[in-house]
Amino acid sequence: MPSYQLRDTATRQLLAHGVADYAAVEAALDRLDDELEHDLAANGEGAGHIRLRLDVEKVTADVTETVEHHVLLLGVDDPVDLMRAP
């Protein structure tokens, strides 16, 4: 059974491993985003539009392959849907 992991593209640092499926990858990306923004706020820093490039890797029987590249944007609010705004 394959698992997934997240790796920083630039530094090659492993950020999450043993992730069960792609839905869990999405949740791990959300957690990583929240943790980084929380850490920056705790230090009195703003995210300042930080862009992280991450690789989503699939691991099957000791074989690792990059299956997707993901860009995580910190400090950028989700776009407002003007049709739904109060």
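The present account deals with the structure reproduced in this document. Small disclaimer: the values here were computed from a predicted structure and weren't measured.

Here we look at the overall build of the protein
For the protein, the count of helices and strands is one helix and four strands. Each helix and strand of the protein, ordered N terminal to C terminal, gives the series β-β-α-β-β. Going through the 86 residues of the protein one by one, you find that 24% of them count as buried. At a minimum sequence separation of 6, the contacts of the protein that also span at least 24 residues come to 46%. Only carbon and sulfur atoms are counted for the fraction: they give 52% of the accessible area of the protein, which is about 6,300 Å².

Points about the pattern of salt bridges
For the structure shown, the criterion picks out three salt bridges. The residue Glu 57 makes a salt bridge to Arg 7 at a minimum N-O spacing of 3.0 Å. Here Arg 7 lies in strand β1 (residues 3-8) and Glu 57 lies in strand β3 (residues 50-60), a separation of 50 residues in the sequence. Using a relative accessible area of 2% as the deciding quantity, one classes Glu 57 as buried.

Observations regarding the nonpolar core
Counting eleven residues, the largest nonpolar core is built from Tyr 4, Leu 6, Ala 16, Val 19, Val 25, Ala 28, Leu 29, Leu 32, Leu 54, Val 56 and Leu 72. Of all elements in the fold, only β1, β2 (14-19), α1 (22-42) and β3 reach the threshold of two or more residues within this core. In terms of residue count, the dominant contributor to this core is α1 (four residues).

Quick notes on the sheet that holds strand β4 (residues 63-74)
Read across the open sheet, the four strands follow the order β2-β1-β3-β4; overall the sheet is antiparallel. One side of each edge strand has no neighbouring strand; the edge strands of this open sheet are β2 and β4. Ignoring strand direction, the axes of neighbouring strands in this sheet form an average angle of 20 degrees. Where β3 meets β4, eleven bridges bridge the pair, whose relative direction is antiparallel. Looking across to β4, one finds that Val 59 is bridged to Thr 64. Running over the sheet, α1 touches β1, β2, β3 and β4 and is turned about 40 degrees from β4.

Each value, and the rule that gives it
Residues numbered from 1 in each chain as written. Predicted model: local features only at pLDDT ≥ 70, side-chain atom pairs only at ≥ 80, totals over all residues. Heavy atoms only, no water. Helix = DSSP H or I, 4+ residues; strand = E, 2+ residues; numbered from the N terminus. Buried < 20%, exposed > 50% of the residue type's maximum accessible area, 1.4 Å probe, protein only. Contact = heavy atoms within 4.5 Å. Areas by Shrake-Rupley, 256 points an atom, 1.4 Å probe, with all protein chains shown as cover. Salt bridge = Lys/Arg side-chain N within 4 Å of Asp/Glu carboxyl O. Core = buried A, V, L, I, M, F, W, Y, C linked by side-chain atoms within 4.5 Å. Pairing = 2+ DSSP bridges. Axes fitted to C-alpha atoms, helices over the stretch in contact; angles between N-to-C directions.

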